[in-house]
Amino acid sequence: MSKLQPVSMEAGHFNVRDKKKFAKGLAMIKESLNCGGATLFSSDNMILWNKNYSMLREKAYAEYISDEQIDIVPKTIIWRTYVLDFLLKRSLQVDGNIIELGVLKGDTAMFLCNQNAEMLKDRIFYLIDLFEWNQGDIHTKHRSLLDKNLYTKVQDRFGKHKFIKVIQGDAEDILPRINIDKIAFAHIDMNDAVPELFSLAFLASKISRGGSIIFDDYGWWGYSEQKLELDKKLNDLNLDILELPTGQGIVLF
Ligand SMILES: C[S@@+](CC[C@H](N)C(=O)[O-])C[C@H]1O[C@@H](n2cnc3c(N)ncnc32)[C@H](O)[C@@H]1O
């Protein structure tokens, strides 16, 4: 029996104050390992070794992370995207539409659409976002949110996927206005506890059995106010959540 060829990947990390020291530490970690770094995964605040990294062995993922047109952040969060892709495929076995709350440029959603276009074609995939940041706003000030044309750019970007509906506005205003009675899959990624809590309360009764909600920020200490609020609500709803090393929180229905 033969072993798989080792694979490794290094991309970005968040919340690092001293990048030089971090790089030095990582170099020392590699030196200390049996594999010398041949099986190292260092990305998205995870440093792992001696793992198989199944997604990196799939053609679509391997091409994605080596595509020079793609920014460092979507590459950095590749493991989160892999989790989403897996759960979306599973959720598409049941009835209902798809929703992403917190879209930004649509990088993650685009990968999921490209991967699952055939299975999505008879559903509606809602992409809901404020598509702006104004002085005093609580949600994270991403550079792309300062682009006044972001909403139109995202609409144009998804033009080829007819099952996509891009909607601009606050999730708390938009959700009650769109006619969604059944949801198969929801990705909630707004970096703000208030709309996330509202969305959980609003969507929970609409998720089909076999469907799922994935909270992008649930396991991140920097957003731990979200975890505190969501845990109380999940407990009231009698739902369990699984925190992953990616920082995602998974709720299966
Ligand atoms: C981290 S980004 C989303 C990234 C995206 N999911 C991806 O993976 O590429 C967070 C987004 O949430 C949006 N957002 C924050 N608060 C919101 C709210 N109350 N309603 C709708 N969108 C909101 C922001 O405008 C921002 O684009």
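The structure we're discussing is the one just above.
Just so it is clear, the model here is predicted, and its values are computed rather than measured.

Draft legend 1. Structural context of the site of the ligand. Taken together, 18 residues form the shell around the ligand, and within it Gly102, Thr108, Asp129, Ala171 and Asp189 come nearest. Contacts to the ligand include Asp170, whose side-chain N or O atom sits 3.1 Å from a nitrogen atom. Coverage of the ligand by the protein chains reaches 93% of its 600 Å² of free accessible surface. Per-class residue counts for the shell around the ligand are seven nonpolar, six polar and five charged.

Draft legend 2. Highlighting the pairing of strand 10 (residues 249-252). When strand 8 (residues 207-215) meets strand 10, the two strands line up antiparallel, connected through four bridges. Residue Phe215 lies in a different strand from strand 10, and its bridge partner there is Gly249. Taken together, the two bridges between strand 9 (residues 242-243) and strand 10 define a ladder with antiparallel strand orientation. Across the sheet, Leu242 pairs through a bridge with Ile250, a residue of strand 10. If you look at the hairpin formed by strand 9 and strand 10, you'll find five residues sitting between the two strands, and Gly247 has a positive phi there, around 95 degrees.

Draft legend 3. Highlighting the sheet that holds strand 9. Strand order in the open sheet formed by seven strands is 6-5-4-7-8-10-9, with mixed pairing between adjacent strands. In the strand order of this sheet, the two ends are held by strand 6 (164-168) and strand 9, each with one partner. Along the sheet, helix 8 (residues 193-203) contacts strand 4 (97-101), strand 7 (183-188) and strand 8; its crossing angle with strand 7, the most-contacted strand, is approximately 175 degrees.

Draft legend 4. Inspection of the packing of helix 8 against helix 9 (residues 224-236) at higher detail. One way to put it is that helix 8 packs onto helix 9 with a least axis distance of 9 Å and a crossing angle of 20 degrees. Judged on the interaxial angle alone, helix 9 and helix 8 are roughly parallel. You can see that helix 8 and helix 9 cross each other, and the crossing is right-handed. Contacts between helix 8 and helix 9 involve Ala193, Glu196, Leu197, Leu200 and Ala201 from the first element and Glu225, Gln226, Glu229, Leu230, Lys233 and Leu234 from the second. In the contact of helix 8 with helix 9, the residues fall into six nonpolar, one polar and four charged.

Reading the values: rules and limits
Residues numbered from 1 in each chain as written. Predicted model: local features only at pLDDT ≥ 70, side-chain atom pairs only at ≥ 80, totals over all residues. Heavy atoms only, no water. Near = heavy atom within 4 Å. Polar contact = N/O pair within 3.5 Å; in protein donor to acceptor, adjacent residues only side chain to side chain. Areas by Shrake-Rupley, 256 points an atom, 1.4 Å probe, with all protein chains shown as cover. Nonpolar A, V, L, I, M, F, W, Y, C, P; charged D, E, K, R; others polar. Pairing = 2+ DSSP bridges. Helix = DSSP H or I, 4+ residues; strand = E, 2+ residues; numbered from the N terminus. Contact = heavy atoms within 4.5 Å. Axes fitted to C-alpha atoms, helices over the stretch in contact; angles between N-to-C directions. Parallel < 35°, antiparallel > 145°, perpendicular 65-115°, else oblique. Left-handed = near helix turned anticlockwise from the far one by under 90°.

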